[in-house]
Amino acid sequence: MTNAIELKGVSFWYGVPRGREPVLENVSLEVPPDDFLGLVGPNGGGKTTLLRIILGLLKPQAGTVLVFRRPPEEVRHQIGYVPQHARLEPAAPATVLEVVLTGRLHRSRWGLWYSRADREAAEQALELVGMQDFARRPVHTLSGGQRQRVLIARALAGEAKLLLLDEPTAGVDAPTEHSFTDLLHRLNQSIPIIMATHDIAFVSTHLKRVACLNRRLTVHRADELTPEDLSLVYGNQFCSVIHRPGCPLFDRGCGHGCLPAAKSVLGQG
């Protein structure tokens, strides 16, 4: 089975490397085509930098990066990316369909004029994320969770074969997160997903593997993630948390960095 992503010995510095500590140091990672990988680590640990390297927006000073066995800048149009601070301008008069259509710009031969195929692709993407009934609605009328779905639909409209998400569940409520989780699992049936997040409960409960990153990277099965693994990544930024039966957070963890219920674990403090 050919890997969707292969990183070998990747190191990266911002600015001149001499005298500086690397943001990423000797990072190696293989992502198979059916993977659902959580990327966790402290702020400044290199998560967003790593995603940008996979996108080909940054070039490492050492190591190799292949996406679908090619340099990432050559296949960037096959990567759907939802950045951490992506937002839809509330004052914009655009409809949901018009926003999703912008994901087709690199495929359109007519600039801002879209073909029937472009519109069909955008409508199919909206259907995939459960937003087809909102196509004609102005984006400023949507909730935060609905806007996240629109941003993913925009990425999918470009026929993405890989999805990169940077903190996609930040600021959404529990019911919205549950619905969003179902969506990601359905998408993962056809494409690999990498999701950078601080929500350790989400990672340990819902994802297949977790990559712990704080300049250096280690990969674990999500259900094998331990407090010791996290302490190596987060240092003393964690404290023990136990959710007992009867606690409203028992079934999923607190959503603020704690691992699931009934485990003596480390949660981000």
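Keep in mind it's a predicted model, so treat the numbers as computed, not measured.

(A) Examining the overall build of the protein more closely. The helix and strand inventory of the protein stands at seven helices and 11 strands. Sorting the 269 residues of the protein into buried and exposed places 49% on the buried side. Expressed as a percentage of contacts within the protein between residues at least 6 apart in sequence, the contacts between residues at least 24 apart total 67%. Summing over all exposed atoms, the protein offers an accessible surface of approximately 13,400 Å²; the carbon and sulfur share of this is 50%.

(B) A look at the confidence of the model for the protein. Of the residues in the protein, 78% reach a pLDDT of 70 or more, and the chain-wide mean stands at 81. The low-confidence segment residues 252-269, where pLDDT is below 50, has 68 contacts with residues more than four positions distant or belonging to other chains.

(C) Molecular detail of the nonpolar core. Ranked by size, the top nonpolar core spans 44 residues in total, and within it Val 100, Ile 152 and Leu 184 carry the most contacts. The biggest single contributor to this core is helix 4 (residues 144-157), with seven residues. Sequence-distant contacts of Val 100, defined by excluding residues within four places in its chain, comprise Ala 122, Ala 125, Leu 126, Val 150, Ala 153, Arg 154 and Ala 157. One finds Leu 7, Val 23, Leu 164 and Ile 194 within the second-largest nonpolar core, a separate group that totals 29 residues.

(D) Region of the structure containing the sheet that holds strand 5 (residues 79-82). Taken in spatial order, the six strands of this open sheet run 5-6-7-3-8-9, and their pairing is mixed. At either margin of the open sheet sits one strand with a lone partner, and together these are strand 5 and strand 9 (216-221). Sheet twist, expressed as the average angle between the axes of neighbouring strands with direction ignored, equals 15°. For strand 3 (residues 36-40) and strand 8 (residues 209-214), the ladder comprises four bridges, and the chain directions are parallel. By the bridge assignment for strand 8, Leu 37 is matched with Arg 209. Of the strands in this sheet, strand 5 and strand 6 (162-166) are in contact with helix 4, which crosses strand 5 at around 155°. Docked against the sheet, helix 7 (residues 227-234) engages strand 3, strand 8 and strand 9, running at close to 30° with respect to strand 8.

(E) Highlighting the environment of His 185. The residue His 185 is located in helix 5 (residues 174-187) in this model. Distance in space between the C-alpha atoms of His 185 and Leu 207 is 8.8 Å, their sequence separation being 22 residues. Contacts of His 185, omitting those with residues within four sequence positions, involve Phe 36 and His 206. One polar contact links the side chain of His 185 to the main-chain carbonyl oxygen of His 206, over a distance of 3.3 Å.

(F) Highlighting the packing of helix 3 (residues 116-128) against helix 4. Where helix 3 contacts helix 4, the axes come no closer than 8 Å and their chain directions differ by 135°. Classified by the angle their axes make, helix 3 and helix 4 are oblique. Helix-helix and strand crossings are classified by hand; for helix 3 and helix 4 the assignment is right-handed. Contact residues: Ala 121, Ala 122, Ala 125, Leu 126 and Leu 128 in helix 3; Ala 153, Leu 156 and Ala 157 in helix 4. In terms of residue class, the contact of helix 3 with helix 4 is made up of eight nonpolar, no polar and no charged.

(G) Summary view of the sheet that holds strand 2 (residues 24-31). Spatial strand order, 2-1-4: three strands in an open sheet with antiparallel pairing. Looking at strand neighbours, the two that pair on one side only are strand 2 and strand 4 (62-67), the edges of this open sheet. On average, adjacent strands in this sheet sit at an angle of 15° to one another, irrespective of strand direction. In this sheet, strand 2 lies alongside strand 1 (residues 5-12) in antiparallel orientation, the contact comprising five bridges. Considered in strand 2, the bridge of Ile 5 is made with Val 31. Packing of helix 1 (residues 47-55) onto the sheet brings it into contact with strand 1, strand 2 and strand 4, and relative to strand 1 it is tilted by some 125°.

(H) Region of interest: unusual backbone geometry. A positive phi is found at Asn 26, a non-glycine position, where the angle reads about 50°. Counting through the fold element by element, Asn 26 comes out in strand 2. Assessed through its relative accessible area of 55%, Asn 26 is described here as exposed.

(I) Geometry of the packing of aromatic side chains. What the rule picks out here adds up to one aromatic pair. Note on Phe 12 and Tyr 14: the rings are 4.7 Å apart at their centroids and 85° apart in plane angle, and the pair reads as edge-to-face.

(J) Just the pattern of salt bridges, in detail. Inspection of every chain in the model, using the stated rule, returns eight salt bridges. In this structure, Arg 104 engages Glu 159 in a salt bridge whose closest nitrogen and oxygen atoms are separated by 2.9 Å. In this pair, Arg 104 sits in the loop between helix 2 (96-101) and helix 3 while Glu 159 sits in the loop between helix 4 and strand 6, placing the two residues 55 residues apart along the sequence. A relative accessible area of 6% means that Arg 104 is categorised as buried.

Calculation criteria
- Residues numbered from 1 in each chain as written.
- Predicted model: local features only at pLDDT ≥ 70, side-chain atom pairs only at ≥ 80, totals over all residues.
- Heavy atoms only, no water.
- Helix = DSSP H or I, 4+ residues; strand = E, 2+ residues; numbered from the N terminus.
- Buried < 20%, exposed > 50% of the residue type's maximum accessible area, 1.4 Å probe, protein only.
- Contact = heavy atoms within 4.5 Å.
- Areas by Shrake-Rupley, 256 points an atom, 1.4 Å probe, with all protein chains shown as cover.
- pLDDT = per-residue confidence, 0-100.
- Core = buried A, V, L, I, M, F, W, Y, C linked by side-chain atoms within 4.5 Å.
- Pairing = 2+ DSSP bridges.
- Axes fitted to C-alpha atoms, helices over the stretch in contact; angles between N-to-C directions.
- Polar contact = N/O pair within 3.5 Å; in protein donor to acceptor, adjacent residues only side chain to side chain.
- Parallel < 35°, antiparallel > 145°, perpendicular 65-115°, else oblique.
- Left-handed = near helix turned anticlockwise from the far one by under 90°.
- Nonpolar A, V, L, I, M, F, W, Y, C, P; charged D, E, K, R; others polar.
- Phe/Tyr/Trp six-rings, centres within 6.5 Å; stacked < 30°, edge-to-face > 60°.
- Salt bridge = Lys/Arg side-chain N within 4 Å of Asp/Glu carboxyl O.

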